[in-house]
Amino acid sequence: MPTSTPTAMSSSSWPSLQPFHTFGLPVRARKISQVTQLSELLALSRASLQANEPLLILGGGSNMLFTEDFAGHVIVNRLRGIRCSESEQAWHLHVAAGENWHQLVEYTLAHDLPGMENLALIPGCCGSAPIQNIGAYGVEFEKVCEYVDVLALTSGETVRLSREECQFGYRDSIFKHRYQRGYVITAVGLRLPKAWQPVLSYGDLAKLDPRSVTAQQIFTTVCQMRQSKLPDPAQQGNAGSFFKNPLVSGETLADLRQTYPSIPCYPQPNGQYKLAAGWLIDQCGLKGHRIGGAAVHDKQALVLVNQGNATARDVVQLAHTVRQQVLARFAVALEPEVRFMGADGEINAVQAIA
Ligand code: FAD
Ligand code: EPU
């Protein structure tokens, strides 16, 4: 268990968080531990809680904005292990929370277990996937979820939540609400039906022939589409879509359409419409807009990037500018998808950029 501890009181001597989050900002934490055993994770978490020390469980750090140094203990979840079984109708995977998501997608394809190919190349860990119900190219995590195992840190007990109990929504689940504080996701259970149905509704996938397409072809097409517009965090720090796509009523959409007849929109099952935040930001002429070392990505306006020397303040100010301009032009308020972490714990992202 590599644990980095501070050598002095000043935060400048704390261990760096830069390698542990994809924005790559120059921030530190009082203590960082990487854990591979559940017993270790429980013992360290409980010790922090008992010491009243801020505690953060981190996966791949690909959905995080550290707004300042974190004055507590960051526990990096590296619990590993994949178990596969089958029933008459489906394949079942039990996956430890610290497994890498994209590597799991590759594993399923290598073992002829289709169903996850649309979710290729999403960074981060499997245990984080249920939290915002990760989604891309017409599929969300909930489609493959059978259960999620959650450890209650105070009692040490693990609860297994069914897919229904997870209350999945667009970039939402019970893990952002009732099971947010004092709980750690330790494993996810996935169910991949043997009667595989390709999902070809999104982008270039619609060009594929549903009668002959393979899961591997979908995987390759998804990877190509993603690589053509999303920046690779290894080259340019970022946390994917910085904002969620806003949901609006039919009335609001009708008003917007009067001025912007070509506005992209996606009808939702509850009667609302999802707008494309990237399009709204792009229409404001903000692609490439910079504040300090932070910029709006020039191929996908929904992504804010670290051009190498960005500070957290640069990113927060840029997010503020983007939100204000979209609000002024379209009267639509964007909300961050990225989770904001202050010195003592999570902070309200909307307030931080308002
Ligand atoms: P982290 O950033 O480490 O953590 C996120 C939150 O979850 C934090 O609050 C953390 O405390 C909490 N957490 C992490 N692990 C646990 C645990 N085991 N138990 C309890 N809480 C925990 N997302 C999509 O939905 N679709 C996309 O297409 C997509 N594309 C992306 C592309 C890029 C280039 C990047 C950088 C990000 C993208 N994302 C996308 C966002 C991100 O990959 C997902 O949100 C991912 O699930 C985050 O996983 P993580 O392990 O990095 O979580
Ligand atoms: N668009 C523009 N200009 C831009 C960006 C987008 O006009 O700069 C337009 C596109 O032309 C398209 C529409 O906006 O008409 C939607 O764009 P895109 O297909 O790129 O998807 P998105 O809505 O921007 C969402 C997710 C992504 C996910 C993709 C693919 C959210 C917040 N983002 O992006 O998820 O990969 O769809 O399914 O829902 C993430 O969550 O981090 C993420 C990357």
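Residues numbered from 1 in each chain as written. Chains lettered and ligands numbered in written order. Predicted model: local features only at pLDDT ≥ 70, side-chain atom pairs only at ≥ 80, totals over all residues. Heavy atoms only, no water.

Student: What should I look at first to understand the nonpolar core in this one?
Tutor: Nonpolar side chains tend toward joint burial in soluble globular proteins. Within the largest apolar cluster, 54 residues are counted, with the highest numbers of intra-cluster contacts made by F242 and I281. Counting residues per element, this core draws most heavily on helix α6 (residues 312–330), at 8 residues. Ignoring sequence-local partners within four residues, the contact set of F242 consists of F23, L65, L302, V303, L304, V315, A319, P336, E337, V338 and F340. Within the second largest apolar cluster, 42 residues are counted, among which are V105, I174, A215 and I218. (Core = buried A, V, L, I, M, F, W, Y, C linked by side-chain atoms within 4.5 Å. Buried < 20%, exposed > 50% of the residue type's maximum accessible area, 1.4 Å probe, protein only. Helix = DSSP H or I, 4+ residues; strand = E, 2+ residues; numbered from the N terminus. Contact = heavy atoms within 4.5 Å.)

Student: What's the story with the site of ligand 1 in this structure? I'm lost.
Tutor: Around ligand 1, the structure places 33 residues, and the nearest of them are I57, G60, S62, S128 and R226. The separation between an oxygen atom of ligand 1 and a polar main-chain atom of P123 is 2.9 Å. For ligand 1, an oxygen atom lies 2.9 Å from a polar atom in the backbone of C125. With the chains in place, 92% of the 990 Å² that ligand 1 exposes on its own is no longer accessible. At the level of elements, β3 (55–58), β8 (135–136), β12 (183–193) and β13 (237–241) are the ones that each hand at least two residues to the shell around ligand 1. (Near = heavy atom within 4 Å. Polar contact = N/O pair within 3.5 Å; in protein donor to acceptor, adjacent residues only side chain to side chain. Areas by Shrake-Rupley, 256 points an atom, 1.4 Å probe, with all protein chains shown as cover.)

Student: Even after reading the chapter, I still don't get the environment of V332, so can you show me in this structure?
Tutor: Note on placement: V332 falls in the loop between α6 and β20 (339–341). If sequence neighbours within four positions are ignored, V332 has contacts with P246, L256, L275, L280, V326 and L327.

Student: Sorry, what's going on with the site of ligand 2 here?
Tutor: Around ligand 2, a shell composed of 22 residues is seen, among which Y137, Y170, Y202, D282 and E337 lie nearest. One of the side-chain N or O atoms of R171 is found 2.9 Å from an oxygen atom in ligand 2. Its free accessible area being 820 Å², ligand 2 has 82% of it covered by the protein chains. Within the residue set of the shell around ligand 2, elements represented by two or more residues are α3 (215–229), β13 and α5 (277–283). It is α5 that provides the largest number of residues to the shell around ligand 2, a total of 3 residues.

Student: Even after reading the chapter, I still don't get the pairing of strand β5 (residues 70–77), so can you show me in this structure?
Tutor: In summary, the side chains of a regular strand alternate between the two faces of the sheet. For β5, the tally of buried residues reaches 8 of 8 residues, placing the bulk of the element in the interior. Inspection of the sheet shows strand β2 (residues 29–35) paired to β5 by 6 bridges, in the parallel sense. Residue pairing in the sheet places Q34 in a bridge with V76 of β5. Inspection of the sheet shows β3 paired to β5 by 4 bridges, in the parallel sense. Each bridged residue has a counterpart across the sheet, and for L55 the counterpart in β5 is H73. (Pairing = 2+ DSSP bridges.)

Student: Can you help me understand the sheet that holds strand β7 (residues 90–96) in this one?
Tutor: One key point about sheets: their strands pair by backbone hydrogen bonds, in either a parallel or an antiparallel sense. In space, the 5 strands of this open sheet follow the order β6-β7-β12-β10-β11, with antiparallel pairing throughout. Strand pairing shows two members of the sheet lacking a second neighbour, β6 (82–86) and β11 (158–162), which therefore form its edges. The sheet shows a mean angle of 20° between the axes of neighbouring strands, direction not considered. Alignment of strand β10 (residues 145–152) against β12, held across 7 bridges, turns out to be antiparallel. Across the sheet, Y147 pairs through a bridge with G189, a residue of β12. (Axes fitted to C-alpha atoms, helices over the stretch in contact; angles between N-to-C directions.)

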